[in-house]
Amino acid sequence: MQSESSLPQPPATPPVAADVALEREVTRRSRRAFLVGGLAALAGLGGWRWLLGQPEVMGIPGPLRAGLEANARVAATLLSPTQLAPEFPRSQARTPRANGSVGLKQPLDTAAWRLRVEGFGGQPAREFSLAELQALPRTEMTTELKCIEGWSTVVTWAGVRLTDFLARYPLATLPSAEIAPYVSLRTPDEAYYVGLDMASALHPQTLLCYEMNGRPLLPEHGAPLRLITPRKYGIKQLKRIGTLAFVAERPADYWAARGYDWHASL
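Residues numbered from 1 in each chain as written. Predicted model: local features only at pLDDT ≥ 70, side-chain atom pairs only at ≥ 80, totals over all residues. Heavy atoms only, no water.

Going by what an unreviewed UniProt entry lists, the chain is known as Molybdopterin-dependent oxidoreductase and is assigned to Hymenobacter yonginensis.

Below is the structure:
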């Protein structure tokens, strides 16, 4: 029996001119794509090295910080400062993670704690006990606490709105009616600090908060007083407020100094 290999084979089909032309075009384009891709990669690497070589502004290269600030201006233009964060039924409230302990490491004496408020334009500083804050109009809301790590929790908060505090104690305003453009908040040990623009501070959902889910704050959640401002990420919502100051210049911010957006708006 004759094997397949010994059978006569048909003559090879000569390449068609069109196929040859196609192969040449594919080869040409592949080489060009390789060259273009290589040049683009080199340009990207050069651009990245240039970017890393620029002077830093608050923890990141200046061009990146300028980009963050441009995004913030766009957001401020498109979003109303009085736009409210969504509110939820109280039945959905849960206890959030106790993320972050910076500024909370010193022992807490709630009875001795005082909120120090530094008035705008050199007004004398004043101190307030927790009882004095609790005597002001109480506001309760159930909103979502959002973390930059990607998780969120619905929580019921209660406290005094900063607007209600300032209505009773106008420490952010001068006799000329000029109002401070910024607010600085710091923990008692000043290890953690945040800054707010005044529009955010006067937002109707910005609270000096002393209760969470119907109970006094726990130390790991910022007892006896923390900031709640649900239009911003949790990194702005400082726990255990020690000092609140109304200032003319944009204040330092713990995470902005480490490369994050100063505004941290949602």
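A. Main features of the environment of proline 107. Tracing the chain through its elements places proline 107 in the loop between α2 (62-78) and β3 (115-118). Using a relative accessible area of 81% as the deciding quantity, one classes proline 107 as exposed. Separated by 112 residues in the primary sequence, proline 107 and proline 219 place their C-alpha atoms 9.4 Å from one another. (Helix = DSSP H or I, 4+ residues; strand = E, 2+ residues; numbered from the N terminus. Buried < 20%, exposed > 50% of the residue type's maximum accessible area, 1.4 Å probe, protein only.)

B. Summary view of the sheet that holds strand β8 (residues 193-197). Strand order in the open sheet formed by 5 strands is β4-β3-β12-β7-β8, and the pairing between neighbours is mixed. Two strands bound the open sheet, and with one partner strand each, they are β4 (126-128) and β8. Strand-to-strand twist of the sheet, defined as the mean angle between neighbouring strand axes without regard to direction, takes the value 20°. Pairing of strand β7 (residues 182-186) with strand β12 (residues 243-247) involves 5 bridges; the strand directions are antiparallel. Bridge pairing in β12 links arginine 186 to threonine 243. (Pairing = 2+ DSSP bridges. Axes fitted to C-alpha atoms, helices over the stretch in contact; angles between N-to-C directions.)

C. Structural detail: the side chain of arginine 240. The residue arginine 240 is located in the loop between β11 (226-228) and β12 in this model. Summary of buried charges: arginine 240 has no salt-bridge partner, and the nearest side chain of opposite charge, aspartate 189, is 6.5 Å away. (Lys, Arg positive; Asp, Glu negative; His and termini not counted. Salt bridge = Lys/Arg side-chain N within 4 Å of Asp/Glu carboxyl O.)

D. Molecular detail of the packing of aromatic side chains. Throughout the structure, instances matching the rule amount to 8 aromatic pairs. By way of ring pairs, the aromatic residues Tyr192, Tyr193, Tyr254, Trp255 and Tyr260 are connected into one cluster. For the cation-ring pair, arginine 250 lies above tryptophan 262, with the distance from its terminal atom to the ring centre recorded as 4.6 Å. The residue whose ring lies beneath arginine 258 is tyrosine 254, and the NZ or CZ to ring-centre distance is 3.7 Å. (Phe/Tyr/Trp six-rings, centres within 6.5 Å; stacked < 30°, edge-to-face > 60°. Lys NZ or Arg CZ within 6 Å of the ring centre and 35° of its normal.)

E. Spatial organisation of unusual backbone geometry. With an omega of 0°, the peptide bond running from alanine 223 to proline 224 counts as cis. Mapping proline 224 onto the fold places it in the loop between β10 (215-216) and β11. Although it is not a glycine, asparagine 213 adopts a positive phi angle of roughly 55°. Mapping asparagine 213 onto the fold places it in the loop between β9 (207-212) and β10. A residue is classified by how much of its surface remains accessible, and asparagine 213, at 23% relative accessible area, is partly exposed. Non-glycine residue alanine 264 carries a positive phi angle of around 50°. By the element assignment, alanine 264 lies in the segment after β12. On the basis of relative accessible area, alanine 264 is assigned to the buried category, the value being 7%.

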